[in-house]
Amino acid sequence: MQKTEKEIKTSIFSKYFARPISYFVFILWALITILPLFWMAYSSFKTNEELNLSKFSMPRALFDNKNDVLVSVKPQLNIMYPNGFLEKLGLKNNQIQKIQDKVIILESTTIAPGRRLKIHFMVRDDLRAMGATDIASMQPGDKIKMGDLPPKYYRSFNWNTIWWNYISSWNRGGLGLKFLNSLLYTIVSTGLIVFLGLMIGYGVSKFKYKKISAVILAVIGIGYLLDISQVIIPLFLMLTKADLADTHLGIILVYTAFGLPLSVMLASGFIRGLPDSLIESAYIDGATPFRAFTSIIVPMTTPVIVTICVMTGLGIWNEFLLVLVMASSEATKSLPVGIFSFASKQGTQLGWQIASLVIATLPVIIIYLIFQKQLTRGVAGGAIKG
């Protein structure tokens, strides 16, 4: 059977124009997505000076550190010691002279010099036990190259220098606790949004209360039009009045309230398309509405559950404004607020800030890579069914 002239033209256009254009768009989209992540990854190993000098050059100072010159400095109250370091030596932070007698404090002359940020510590007794008596006798003002240190200290200092941005951002920014807070807010809020959204969606879609369901959907629809930034001041006043400001519970409740409208709209649209005969059969077998919900509705709504988890979970993980306003103590702040804390009027620690961005981005990428197939099937299924 011969092709018509129109079919021939369509085939030629698809072969020589449509397909190359599609490939070009896909490749461009991939580059727009991947290149910023690549830049962020390698820039997290650059010093503040390198980032200010050139944003796109490859990192060098933290890796090429064998010839770095370290200068011995006096103990000061603004020096941040490793956790438990002074306690092991029986010292306290305010015992300046005793610290100087037992510890050599070395500061880099090339990375953040004079700011007491890039600091290394050596114990004099350990150096004497290694036979490095000349190094053990160093006094404030004396200098030494990194490569001239005993192997034990060189390996430790080299490792700490390479990962300096990550170690500093984690310790100085208190990112450990903030990471756990973000995890708590995301998991608990997303779980509540999914569970309550499915229950409401099931009620308004399958229960025989059409007028009440319409009112509920209308109210929830109005909530969908609101954003946290629009009502942040009334929210703060309400939570303060209820003694829920600066608490995990208060922040979780707000996230849940603002995530429910989208969850209900997606869930109700999906559940409405499920056959009523399945639920009626469950009722005939003696199932309660809640049993029918858990045994029939929840398993069949896996695609929309995945869609809701992805959309709301990412939004909560990256949310900044609510926690910035509501959380005044370090115990309730989240990871985005911790990242913001590295910027101030006095200056911005770009290396620390980028390293903390990598820490915040890495869990999302890992979860996507592990559950890639499930997420793709779930989102596609939710879109088709809804």
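These remarks concern the structure in this document. For every chain, the first residue of the written sequence is number 1, and numbering continues from 1 onward in sequence order. A pLDDT threshold of at least 70 governs which residues receive local features in this predicted model, and a stricter bar of 80 or more applies before side-chain atom pairs are shown or counted, although totals over entire chains, interfaces and linings include all residues. With hydrogens and water excluded, all non-hydrogen atoms of the structure serve as input to the side-chain values.

### Notes on the pairing of strand 1 (residues 69–73)
Threshold: Categorising residues by exposure relies on relative accessible area from a 1.4 Å probe, with only protein chains included: less than 20% of the type maximum marks a residue as buried, more than 50% marks it as exposed, and the intermediate range marks it as partly exposed. A run of H or I in DSSP counts as a helix once it spans at least four residues, and a run of E counts as a strand once it spans at least two, with each numbered from the N terminus. The criterion for strand pairing is that DSSP finds at least two bridges linking the strands in question.
Across the 5 residues that make up strand 1, a large majority, 4, are buried. Where strand 1 lies against strand 4 (residues 143–145), 3 bridges are found, and the strand directions are antiparallel. Residue pairing for strand 4: Val 69 is matched across the bridge by Lys 145. Summarising the sheet, strand 1 and strand 2 (residues 103–108) pair through 4 bridges and their orientation is antiparallel. By the bridge assignment, Val 73 is partnered in strand 2 with Ile 105.

### What about the pattern of salt bridges?
Rules: Every case where a carboxyl oxygen of Asp or Glu lies within 4 Å of a side-chain nitrogen of Lys or Arg is listed as a salt bridge.
For the structure on display, the rule yields 6 salt bridges. In this structure, Glu 107 engages Arg 116 in a salt bridge whose closest nitrogen and oxygen atoms are separated by 2.6 Å. A residue is classified by how much of its surface remains accessible, and Arg 116, at 17% relative accessible area, is buried. Two residues, Lys 206 and Asp 276, come together in a salt bridge whose shortest N-O distance is 2.6 Å. Of the two residues, Lys 206 sits in helix 9 (residues 175–206) while Asp 276 sits in helix 13 (residues 276–284), which places them 70 residues apart along the sequence. With relative accessibility at 43%, the residue Asp 276 sits in the partly exposed group. Members of the salt-bridge network, linked through shared partners, are Lys 178, Glu 330 and Lys 333.

### Topic: the packing of aromatic side chains
What counts, and what does not: We call Phe, Tyr and Trp rings a pair once their centres come within 6.5 Å, taking the six-membered ring for Trp, and we label the pair stacked below 30 degrees between planes, edge-to-face above 60, and tilted otherwise. Any Lys NZ or Arg CZ that is within 6 Å of a ring centre and within 35 degrees of that ring's normal is treated as a charge sitting over the ring.
Counted under the stated rule, the structure contains 19 aromatic pairs. Ring geometry for Phe 45 against Tyr 166: centres 5.5 Å apart, planes inclined by 50°, an arrangement best described as tilted. Of this pair, Phe 45 sits in the loop between helix 1 (5–43) and helix 2 (48–53) while Tyr 166 sits in helix 8 (residues 164–172), placing them 121 residues apart in sequence. The pair formed by Phe 45 and Tyr 166 is uniform in burial state, with each residue classed as buried. For the pair Phe 342 and Trp 352, a centre-to-centre distance of 6.0 Å together with 80° between the ring planes defines the contact as edge-to-face. Of this pair, Phe 342 sits in the loop between helix 17 (335–340) and helix 18 (350–370) while Trp 352 sits in helix 18, and the two are 10 residues apart along the sequence. Each member of the pair, Phe 342 as well as Trp 352, is classed as buried. Taken together, the ring pairs connect Phe 45, Phe 63, Trp 159, Trp 163 and Tyr 166 into an aromatic cluster. Seen from the ring of Tyr 153, Lys 152 lies directly overhead, with NZ or CZ sitting 5.6 Å from the centre.

### A short note on the packing of helix 9 against helix 12 (residues 248–272)
Cut-off, in case you're wondering: Between the N-to-C directions of two axes lies an angle of 0 to 180 degrees, each axis being a line fitted to C-alpha atoms and, for a helix, fitted only over the stretch in contact. What sets the label is the angle itself: under 35 degrees gives roughly parallel, over 145 gives roughly antiparallel, 65 to 115 gives roughly perpendicular, and the rest give oblique. By the definition used in this description, the sense in which the near helix is turned from the far one sets the handedness, with an anticlockwise turn below a right angle giving left-handed and a clockwise turn giving right-handed.
In contact at an axis separation of 6 Å, helix 9 and helix 12 are set at 40° when each is read in the N-to-C sense. Between helix 9 and helix 12, the angle is such that the two are oblique. Our pair here, helix 9 against helix 12, has a crossing hand that is right-handed.

### Digging into the nonpolar core
We apply this condition: In this description, a nonpolar core means a group of buried Ala, Val, Leu, Ile, Met, Phe, Trp, Tyr and Cys residues linked to one another through side-chain atoms lying within 4.5 Å. By definition in these notes, contact holds between two residues if any of their heavy atoms fall within 4.5 Å.
The biggest cluster of nonpolar side chains holds 32 residues, and the ones touching the most others in it are Leu 198, Ile 251, Tyr 255 and Leu 322. Counting only elements with at least two residues in this core, the list comes to helix 9, helix 11 (232–241), helix 12, helix 13, helix 14 (289–300), helix 15 (302–318) and helix 16 (321–326). The greatest single-element share of this core, amounting to 7 residues, is contributed by helix 12. When near neighbours in sequence (up to four residues on either side) are disregarded, Leu 198 contacts Ser 263, Ala 267, Ile 271, Phe 293, Thr 301, Val 304 and Ile 305. The next biggest cluster of nonpolar side chains, apart from the first, holds 27 residues, and it includes Val 71, Phe 85, Val 103 and Val 123.

### What to know about the environment of Ala 41
With respect to the helices, strands and loops of the structure, Ala 41 is situated in helix 1. A residue is classified by how much of its surface remains accessible, and Ala 41, at 35% relative accessible area, is partly exposed.

### A closer look at the pairing of strand 3 (residues 119–123)
Of all 5 residues in strand 3, 5 are buried; the element is thus mostly enclosed. By the alternation rule, side chains of strand 3 split into Ile 119, Phe 121 and Val 123 and His 120 and Met 122, which are all buried. Here strand 2 pairs with strand 3 via 5 bridges, running antiparallel. Each bridged residue has a counterpart across the sheet, and for Ile 104 the counterpart in strand 3 is Met 122.

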